[in-house]
Amino acid sequence: MKNKWYYGAFILLVIVVGIIYVSSENSVSIEVDKDTKDNVEYNAGAEDNNEEYNTDDEDNNKEDNAEELEKTIYVHICGEVVNEGVYNVKEDSRVYEVLELAGGLTDQAATDYVNLARQVKDGEKIIFPSKEQMETGEFCIDDGEEKLVNINTASIEKLTTLSGIGESRAKLIIDYREEHGDFETIEDIMKVSGIKEGAFNKIKDSIIVK
C-alpha cells in the first residue's frame, strides 16, 4: 500500500514538473515573439524616419534649384519706348525681352542704335534714342558701350565734348562736311584744317561715322 502511495506521488510530481516546463517554454516563446515584434516595429519606424528625412532633403534641393532658376535682376529702360520704367527680369535676359515688357518702341524711335541681342546687366540703364536725336547728333546712348559722337551729324555743342575740340575746330568740322559731304571714315576728320594725327588720336575712340 505504501509503495503504491509513493508510486502515485512520483507520477503526480512528474506531471507537475511537465506542466511547469511546458508553461516555461510558452513564456519564453511569447517573450521572443514580443522582442521580434518590437524589433520589426522599431526598424519599420526607422525606415519611415529615413524616408521622411530623404523626402525633406529632396524638397530642400528642389527649392534651392528653383531659387537658382528664378534669380532675377533689375533693368531701367527709357527713351522712345511705350512704357518707361524699371523691370524685374531673369538674369540671362536680352535687351529685346526687356523691350517687350516695356511695350516696344514708339513711332519716333531710332531702331538701329541699340543692340537688341545683348544680354542685360543688373542695375543698368538702357536708352532708346529718337530719330531726331540721331539726326542732329544730340543723343546719348547708354548701351553698355562708350558714348560715340557721329561727326557727320553732330552739332557744335556735341563736337566740343570731344577732347581738344573747341568751338572754332567744331565749326571747321561742320564747314568741311557742308562743303565736301559726309566723312566716309573717322580718319577723314584729319582733312579738316587744324586736326592732325595728334588731335585725331585723342578723339578716335570717341567718334563714329554713320
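Residues numbered from 1 in each chain as written. Predicted model: local features only at pLDDT ≥ 70, side-chain atom pairs only at ≥ 80, totals over all residues. Heavy atoms only, no water.

Caption draft 1: Seen up close, the side chain of Arg118. Within the secondary structure, Arg118 is located in the loop between α2 (95-101) and β3 (125-128). Reaching out from Arg118, the side chain makes a polar contact with the side chain of Glu124 at a distance of 3.1 Å. (Helix = DSSP H or I, 4+ residues; strand = E, 2+ residues; numbered from the N terminus. Polar contact = N/O pair within 3.5 Å; in protein donor to acceptor, adjacent residues only side chain to side chain.)

Caption draft 2: Focus on the packing of aromatic side chains. Across all of its chains, the model carries one aromatic pair by this definition. Taken together, a centroid distance of 5.4 Å and an interplanar angle of 10 degrees make the contact between Tyr176 and Phe183 stacked. The burial state of Tyr176 is the same as that of Phe183; both residues are buried. (Phe/Tyr/Trp six-rings, centres within 6.5 Å; stacked < 30°, edge-to-face > 60°. Buried < 20%, exposed > 50% of the residue type's maximum accessible area, 1.4 Å probe, protein only.)

Caption draft 3: Local environment of helix α5 (residues 167-180). With 14 residues, α5 extends 20 Å from end C-alpha to end C-alpha; this agrees with the ideal 20 Å at 1.5 Å per step. Along α5, the residues classified as buried are Ala170, Ile173, Ile174, Tyr176 and Arg177. Across the axial projection of α5, the buried residues extend over an arc of 155 degrees, all falling on one side. Facing away from the buried side of α5 by more than 90 degrees, the exposed set consists of Glu167, Ser168, Glu178 and Glu179. On its buried side, α5 packs onto α4 (156-159). (Expected span 1.5 Å × (residues − 1). Arc of directions from axis to C-beta. Contact = heavy atoms within 4.5 Å.)

Caption draft 4: Fine view of the environment of Val86. Considering the arrangement of structural elements, one finds Val86 in strand β2 (residues 85-90). Taking relative accessible area as the criterion, Val86 reaches 55% and is therefore assigned exposed. When the C-alpha positions of Val86 and Val75 are compared, they lie 5.5 Å apart, and in sequence the two are 11 residues distant. Every residue in contact with Val86, bar those within four places of it in the chain, is listed here: Tyr74, Val75 and His76.

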